[in-house]
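Here is what each chain is made of, one letter per residue.
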Amino acid sequence: MGKKVLVLGEARDGQLRNVSFEAIAAGKKVAQGGEVIGVLIGVSVASLANELIQYGADRVLTVEDEKLGQYTSDGFSQAFMAVVEQEQPEGIVFGHTALGKDLSPKIAAKIGAGLISDATFVGEEDGEIVFTRPIYSGKAFEKITAKEGVVFSTVRPNNIEPLEKDTSRTGDVSEISVSITDLRTVIQDVVRKAADGVDLSEAKVIIAGGRGAKSEEGFKPLKELADVLGGAVGASRGACDADYCDYSLQIGQTGKVVTPDLYIACGISGAIQHLAGMSNSKVIVAINKDPEANIFNVADYGIVGDLFEVVPMLTEEFKKIKA
Ligand code: FAD
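Note that the structure is a prediction, hence the values are computed from the model and not measured.

S.K.: Would you mind showing me how to read the overall build of the protein chain here?
M.R.: Assigned secondary structure in the protein chain consists of eight helices and 17 strands. In terms of overall size, the protein chain behaves like a compact globule, its C-alpha atoms giving a radius of gyration of 21 Å where 323 residues would be expected to give roughly 20 Å. Expressed along its principal axes, the backbone C-alpha trace of the protein chain runs to roughly 60 × 50 × 40 Å. Every one of the 323 residues in the protein chain was classed for burial, and the buried ones make up 49%. Once local pairs closer than 6 in sequence are excluded, the contacts in the protein chain between residues at least 24 apart make up 64%.

Below, the structure written as C-alpha cells:
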C-alpha cells in the first residue's frame, strides 16, 4: 500500500524554488503510489499551492502567520509539526537547502525518525525505497533503505528530475491554523549581498574561478561567459581568500556543494576540498595553464591554456551559437 508523504515547498522572493518540484518528484517515489501532500509555510503562500499541484502534489496544506514571514527553526518547526500531527505521514521530503539542512534534523528528532540527508537519487529495489547519497566528500556513494518508521529524506538540488508540469492538474488547498509561540529568534532585518543572476546552488551552468583569475577584475570574463550561458559564477576558496570575490560564491567542502549540468573550472588547481563541492557535476570542463593540475583528473574536457585567452574565445563562440 502506498505511503502518505509530506513535501516541504520552499519559496524565495515570492516564487517556489526549483528544488521544491524535485522534492515532489522524490516524494512521489517515496509514496509508491500513495498521496503526496505539499506543505507551504510563510505569509501569503497559498498563491503558490497550485504550482506544487501542477508538479505532482495531490493536495497542499498551508500554514500562514506573520511570525513565519522569515525562516526561523523555532517558527517553521512549530508549523511543520502541526502538519505532522494532523496528517501522521509515513514519509517526508525536504530540499537539501540551507533551510532544509537546518529544519530536517529538528523535525526528525521530534518524531523519532532517521534522516537520510543529501540524497541524489531515489529509486525502488525489490519493493523497497532506496536512496543514494554521496559519502567521503563525494568520493563514494552509499545506498540506504529506511526499514522502519517515517521515511525522511532531504534531496540535493539539481539531481532529481522534476515531473513535467501539468497545468490541468487540480487538488485541494487548505490551511492549518497554528498559533506560533515562543520564538527564541526574531529576524529584525535581512540584509542582502548584491548577488545578481542565477542562484549558485540551483544553477545548471557554473563558471568557477580560482586563484588563477588573479584579481576581482579577472572574474569579469567569467561573469561574461556565465551571462551568455545563463549560468552563475562560483569560486574556489583560494579566490575567496585572496578577496577576488565574496565567500558566498565558494564551492567545496567548506562552501557550497553543487551539481550543475556544466561546470567550467577556470584557474582552479583541483584541491581535494574543492572537488568535494563539484566533482558530481554532470560535465566538467577545466581550463588551466598547468597540464599537471589535479583538476584535469576529474574533468571530462580539459583545455591547457591561459584562462584570459580561452574564456573570452568561448564567450564569443557561444554568442555566435546563440545569435
Ligand atoms: P591554487 O591552488 O593556487 O591554483 C590556482 C591554479 O590556477 C593553478 O593550478 C594554476 O596553474 C592556475 N592558473 C594560474 N594562472 C592561470 C591562468 N592565467 N590561466 C589558467 N590557469 C591559471 N578550497 C575550495 O575551493 N573550497 C573549499 O570549500 C575548501 N575548503 C577547505 C577546507 C579546509 C579545511 C582546508 C584546509 C582547505 C580548504 N580549501 C578549500 C582550500 C584548498 O585546499 C585549496 O587551497 C584551494 O582550493 C586552492 O584554490 P585555487 O585552486 O583557486 O588556487
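S.K.: Just to check I follow, could you spell out the packing of aromatic side chains for this structure?
M.R.: Aromatic rings considered in pairs are described by the distance between their centres and by the relative angle of their planes. Under the criterion given, the structure shown has four aromatic pairs. Consider the rings of Phe21 and Tyr55, whose centres lie 3.8 Å apart with planes at 15°: the pair is stacked. Residue Phe21 is located in helix H1 (residues 18-31), and its partner Tyr55 is located in the loop between helix H2 (49-54) and strand S5 (59-64); the two are separated by 34 residues in the primary sequence. Like Tyr55, Phe21 is buried. For the pair Phe94 and Phe152, a centre-to-centre distance of 5.2 Å together with 80° between the ring planes defines the contact as edge-to-face. On the criterion of sequence distance, the pair formed by Phe94 in strand S6 (residues 91-95) and Phe152 in strand S11 (residues 151-155) is long-range, its members being 58 residues apart. The exposure class of Phe94 is buried, given its relative accessible area of 0%. Classification of Phe152 as buried rests on a relative accessible area of 1%. One aromatic cluster is present, built from ring pairs that chain together Phe80, Phe94 and Phe152.

S.K.: Which parts of the structure should I look at to understand the pairing of strand S13 (residues 205-209)?
M.R.: For S13, the tally of buried residues reaches five of five residues, placing the bulk of the element in the interior. Note that S13 and strand S15 (residues 262-266) share five bridges and pair parallel. The residue of S15 that forms the bridge with Val205 is Leu262. For the crossover from S13 across helix H5 (residues 220-229) to strand S14 (residues 232-235), the handedness is right-handed.

S.K.: I tried to follow the confidence of the model for the protein chain on my own but got confused; where do I start?
M.R.: In low-pLDDT segments, the atomic positions of the prediction should not be examined closely. Across the protein chain, the average pLDDT comes to 94, with 98% of residues at or above 70. Confidence estimates for the predicted assembly give a pTM of 0.84 and an ipTM of 0.99.

S.K.: Sorry, what's going on with the site of the ligand here?
M.R.: With respect to spatial proximity, 26 residues lie near the ligand, and among them Arg211, Ser236, Thr254, Ser269 and Asn288 are the closest. Lys214 places a polar side-chain atom, nitrogen or oxygen, 2.8 Å from a nitrogen atom of the ligand. At 3.4 Å, a backbone N or O of Gly255 approaches an oxygen atom of the ligand. Burial of the ligand by the surrounding chains reaches 76%, relative to a free accessible area of 990 Å². Where the shell around the ligand is concerned, the elements lending two or more residues are helix H6 (237-241), helix H7 (272-278) and helix H8 (307-322). Across the shell around the ligand, the residue classes break down as five nonpolar, 15 polar and six charged.

S.K.: Can you help me understand the environment of Lys256 in this one?
M.R.: Mapped onto the secondary structure, Lys256 falls in the loop between H6 and S15. Note: C-alpha distance between Lys256 and Ala276 (20 residues apart in sequence) is 9.4 Å.

S.K.: How should the packing of H5 against H8 be read in this particular structure?
M.R.: How two helices pack is summed up by the angle between their axes together with the distance between the axes. Running from N to C, H5 and H8 cross one another at 20°; their axes reach a closest spacing of 9 Å. Of the possible angle classes, the one that applies to H5 and H8 is roughly parallel. In the packing of H5 onto H8, the handedness of the crossing is left-handed. Where H5 approaches H8, its residues Pro221, Leu222, Glu224, Leu225, Val228 and Leu229 are matched on the opposing element by Leu307, Phe308, Val311, Leu314, Thr315, Phe318, Lys319 and Lys322.

S.K.: So what exactly am I meant to see when it comes to unusual backbone geometry here?
M.R.: Peptide bonds are mostly trans, and most non-glycine residues show a negative phi. One non-glycine residue, Ser44, adopts positive backbone phi at about 55°. Residue position: Ser44 is located in the loop between strand S4 (36-42) and H2. With relative accessibility at 52%, the residue Ser44 sits in the exposed group. Although it is not a glycine, Lys214 sits at a positive phi angle of roughly 75°. Secondary-structure assignment places Lys214 in the loop between S13 and H5.

Procedures and definitions
- Residues numbered from 1 in each chain as written.
- Predicted model: local features only at pLDDT ≥ 70, side-chain atom pairs only at ≥ 80, totals over all residues.
- Heavy atoms only, no water.
- Helix = DSSP H or I, 4+ residues; strand = E, 2+ residues; numbered from the N terminus.
- Rg over C-alpha atoms; globule rule 2.2 N^0.38 Å.
- Buried < 20%, exposed > 50% of the residue type's maximum accessible area, 1.4 Å probe, protein only.
- Contact = heavy atoms within 4.5 Å.
- Phe/Tyr/Trp six-rings, centres within 6.5 Å; stacked < 30°, edge-to-face > 60°.
- Pairing = 2+ DSSP bridges.
- Right-handed = clockwise from strand over helix to strand, strands pointing away.
- pLDDT = per-residue confidence, 0-100.
- Near = heavy atom within 4 Å.
- Polar contact = N/O pair within 3.5 Å; in protein donor to acceptor, adjacent residues only side chain to side chain.
- Areas by Shrake-Rupley, 256 points an atom, 1.4 Å probe, with all protein chains shown as cover.
- Nonpolar A, V, L, I, M, F, W, Y, C, P; charged D, E, K, R; others polar.
- Axes fitted to C-alpha atoms, helices over the stretch in contact; angles between N-to-C directions.
- Parallel < 35°, antiparallel > 145°, perpendicular 65-115°, else oblique.
- Left-handed = near helix turned anticlockwise from the far one by under 90°.

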